[in-house]
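# A closer look at the structure
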Amino acid sequence: MREYGWNSFKDLIFRNPAVVDQDPHENDCDENTERGNWANKREYILSTIGYAVGLGNIWRFPYLAYKNGGGAFLIPYFVMLVVTGIPLFFLESAFGQFCSQGPINIWRAVPLLQGVGVGMVVVNVIVSVYYNVIIAYSLYYMFASFQSPLPWSSCFSWADSNCSNTPTVYCNVSGAVVANWTQENSTCPSSNMITVPVQSPSEQYWDRVALQRSSSLDETGPVVWHLALCLLLSSLIVAAVLIRGIKSSGKVVYFTATFPYVVIFILLIRGVTLEGARDGIEFYVGSQSNLTKLTEAQVWKDAATQTFYSLSIGWGGVMTLASYNNFHNNVFKDSFVVTLTNAGTSVFAGFAIFSILGHMAHIYKMPVGEVVKEGFGLAFIAYPDALSKLPISPLWSFLFFFMLLTVGLDSQFAGIEVITTCLLDAFPEIFKSKRALSSITICSILYLLGLPCVTRAGIYWVTLMDQFAASWVVLFLVLFEIIGVCYIYGGNRFIKDIEMMLGNKSFIFWLWWRACWFILSPCIIVVILVWSLMTFTPPTYGPVHYPDWGLALGWCMTVFILLCVPLIAVYKLIRAEGSPWKRVKSLCSPAEEWHPYLDVHRGERYSEERCRHRMTRKNKPEVNVNVISSSWL
């Protein structure tokens, strides 16, 4: 009698109708021996979750939530997740899996828009530079956690007179300001109380010790050597893990993608037991949420960019990771698993964050919304302060910053893999045998580019790159992506490509995805872009404003990214043959090299199309269908 067990259940749930006779041992070796594949589905899922669940879920989402109305922010966030996040994540994953190429070569589908892929890689490079710096911050705090007591637990020798664990309150008694009025057995009316703002030890430690922050971007100062060494260590770790590409990183993510949940759960349990935690959670999802924030463009823009930032849509990483899947992998279900896990992690981490913020607000007798002002400082001010109050604080501090290290590394792994994959796809004969050398070289270059970010003005550079290269500029790239895939390449043609991988689906099944890809997602992105540009305000770091040259440099980063699209389009038009209309038409049609990577997956549809293509180009030399062209342009 046939035995039914867990494997049979998995086959029932995850079986792909596009695969007729699937050998149970098919995944024991790579399907694509030239590029390689994930060792198994778990490694892909964990790598993609690790890529999506990164530092943004820990410090960016909770910061944006309290900045944009607390629990009210969850409304635009989940709206954006449903109408843009999940559909576009599915689109990018299917796009990459179908042709098994990186974000540049993938635009063989629409050669005119290959600049979109180049722009994605540029964004990815800039983000990788400052992400590496934030990982270095985590390493520094992790090493500092070996001290007892924790160096930011009190105002030590590095602090100034404005450092205090408790707020300083004076009383205006008969026109005279009295500091020690509580010791004279008298009370002070609230109207006569004067509260002098102070900085917590963790805030001063962040500014004066960890960053050694200068007063502005104009004062670069020397390199902060302890951060430079941590940056070097971070680069070495990334290079070592990616020495064999996905074959080595796929093993590491078993730990790095799961360990953060253990620490967040511990932090949540400890946080809800602290006094004042309820006020923080109320501000997060309760009565203190500010629904009037929903009328502000900034809230919806932040919700959209947070969706893209967290899911890494528009950076090329989703396409790259999916390109190493087997052709018939059920990318549809994978997209739901990753996106919903990512959203759940953001909300889950938010409870842990706000319970601690509520406790801090109780200690400092301040409103919850005024506890921390800086997004980058949330993980390095609020968390260290809370951890210093836990029993055996060095242990919990070490675990927390080790967790920050792991979530940062997961995203960094995929970021470097994007660059490496683009080089391998473009020049396989050069880089295929030099994968280790290329990973080490890329990490070395990123280390050198990150050195300005570990000077005394480094945090200003990190904030500048985050604001100008990883915010609304990504929306432009995603908009071009939607236009290219759905309107130029053809949404119906793309759906047929997906059905080659997943099997035929009903018209009703595709109705929602058509609505999102053709109408909802592009319209929402356009509205948010216009609204955001109309209400744009120059970024600041707390009270510190950027000099004009700094803002100009930020705009140069944005323009450089966006110019990739028209410049490469013009270059290709110049290189094309025929009349202007014929050139445009040919560049809006898929290139000869656009098809599933392996010949066995191309089927009659792509084989017939290629035959017709050859018939019309008899004067050109025959192309070997088993070889993918290495040319980007």
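In the block above lies the structure referred to throughout.
These notes cover the structure that comes with them. Please read all numbers here as calculations on a predicted model, not as lab measurements.

Once that is clear, we can look at the packing of aromatic side chains. Within the structure shown, the criterion is met by 54 aromatic pairs. Considering the side-chain rings of Tyr-137 and Trp-206, the 5.3 Å spacing of their centres and the 85° angle between planes classify their relative orientation as edge-to-face. With Tyr-137 in helix α5 (residues 114-144) and Trp-206 in helix α6 (residues 201-210), this residue pair connects regions lying 69 residues apart in the sequence. By relative accessible area, which is 2% here, Tyr-137 ends up buried. For the pair Tyr-460 and Tyr-541, a centre-to-centre distance of 5.6 Å together with 85° between the ring planes defines the contact as edge-to-face. Highlighted residues: Tyr-460 in helix α18 (residues 458-469) and Tyr-541 in strand β4 (residues 540-541), separated in sequence by 81 residues. Judged on exposure class, the residue Tyr-460 and its partner Tyr-541 are both buried. Above the ring of Phe-509, the side-chain terminus of Lys-505 is found at 5.5 Å from the ring centroid.

Take helix α8 (residues 246-256) next. Where α8 is concerned, the buried positions are Ile-246, Ser-248, Ser-249, Gly-250, Val-253 and Thr-256. Next to the buried residues of α8 lie α2 (41-52), α7 (225-241), α9 (259-272), α15 (393-426) and α17 (435-450).

Between α5 and α17, whose axes approach to 9 Å, the crossing angle comes to 70°. Classified by the angle their axes make, α5 and α17 are roughly perpendicular. The segment α5 lies against α17, with Val-125, Ser-128, Val-129 and Val-133 engaging Leu-446, Leu-449 and Gly-450. A breakdown of the residues in the contact of α5 with α17 according to their chemical character gives five nonpolar, two polar and no charged.

All chains considered together, the criterion is met by seven salt bridges. In this structure, Asp-334 engages Lys-41 in a salt bridge whose closest nitrogen and oxygen atoms are separated by 2.9 Å. Residue Asp-334 is found in helix α13 (residues 331-364), and its partner Lys-41 is found in helix α2; the two are separated by 293 residues along the sequence. Given a relative accessible area of 3%, Asp-334 falls into the buried group. On the accessibility criterion, Lys-41 (33% relative accessible area) is partly exposed.

This part is about the side chain of Ser-312. Along the chain, Ser-312 turns up in the loop between α11 (297-311) and α12 (317-322). Each residue touching Ser-312, except ones within four places of it in the same chain, is listed here: Tyr-51, Glu-92, Thr-307 and Val-318.

With that settled, consider unusual backbone geometry. Here the amide bond leading from Ser-148 into Pro-149 is cis, since omega sits at 0°, within 30 degrees of zero. With respect to the element layout, Pro-149 can be found in the loop between α5 and β1 (168-173). We note that Ser-100 has phi near 55°; this positive angle belongs to a residue other than glycine. With respect to the helices and strands, the residue Ser-100 is situated in the loop between α4 (74-99) and α5. Judged by relative accessible area, which is 8%, Ser-100 ranks as buried. Of note, the phi angle at Gln-212 is positive, near 50°, even though the residue is not glycine. Within the element layout of this structure, Gln-212 appears in the loop between α6 and α7. Residue Gln-212 is classed as partly exposed on the basis of its relative accessible area of 26%.

Looking now at the environment of Asn-330. Mapped onto the fold, Asn-330 is located in the loop between α12 and α13. Asn-330 sits in the buried class, given a relative accessible area of 10%. A distance of 3.3 Å separates the side chain of Asn-330 from the backbone nitrogen of Lys-333, its partner in a polar contact.

We now examine the packing of α11 against helix α20 (residues 507-534). Running from N to C, α11 and α20 cross one another at 125°; their axes reach a closest spacing of 9 Å. As far as their axial angle goes, α20 and α11 are oblique. Pair α11 / α20 crosses with left-handed handedness. The residues of α20 that touch α11, namely those facing Ala-297, Trp-300, Lys-301, Ala-304 and Phe-308, are Ile-525, Ile-528, Trp-531 and Ser-532.

Taken together, the side chains of Val-262, Phe-265, Ile-266 and Ile-269 present a nonpolar region at the surface, about 340 Å² in accessible area. With respect to the helices and strands, the residue Ile-266 is situated in helix α9. When its relative accessible area of 32% is taken as the criterion, Ile-266 is described as partly exposed.

Conventions adopted
- Residues numbered from 1 in each chain as written.
- Predicted model: local features only at pLDDT ≥ 70, side-chain atom pairs only at ≥ 80, totals over all residues.
- Heavy atoms only, no water.
- Phe/Tyr/Trp six-rings, centres within 6.5 Å; stacked < 30°, edge-to-face > 60°.
- Helix = DSSP H or I, 4+ residues; strand = E, 2+ residues; numbered from the N terminus.
- Buried < 20%, exposed > 50% of the residue type's maximum accessible area, 1.4 Å probe, protein only.
- Lys NZ or Arg CZ within 6 Å of the ring centre and 35° of its normal.
- Contact = heavy atoms within 4.5 Å.
- Axes fitted to C-alpha atoms, helices over the stretch in contact; angles between N-to-C directions.
- Parallel < 35°, antiparallel > 145°, perpendicular 65-115°, else oblique.
- Nonpolar A, V, L, I, M, F, W, Y, C, P; charged D, E, K, R; others polar.
- Salt bridge = Lys/Arg side-chain N within 4 Å of Asp/Glu carboxyl O.
- Polar contact = N/O pair within 3.5 Å; in protein donor to acceptor, adjacent residues only side chain to side chain.
- Left-handed = near helix turned anticlockwise from the far one by under 90°.
- Patch = residues over 30% accessible without salt bridge, like charges linked within 9 Å, V, L, I, M, F, W, Y side chains within 5 Å.
- Areas by Shrake-Rupley, 256 points an atom, 1.4 Å probe, with all protein chains shown as cover.

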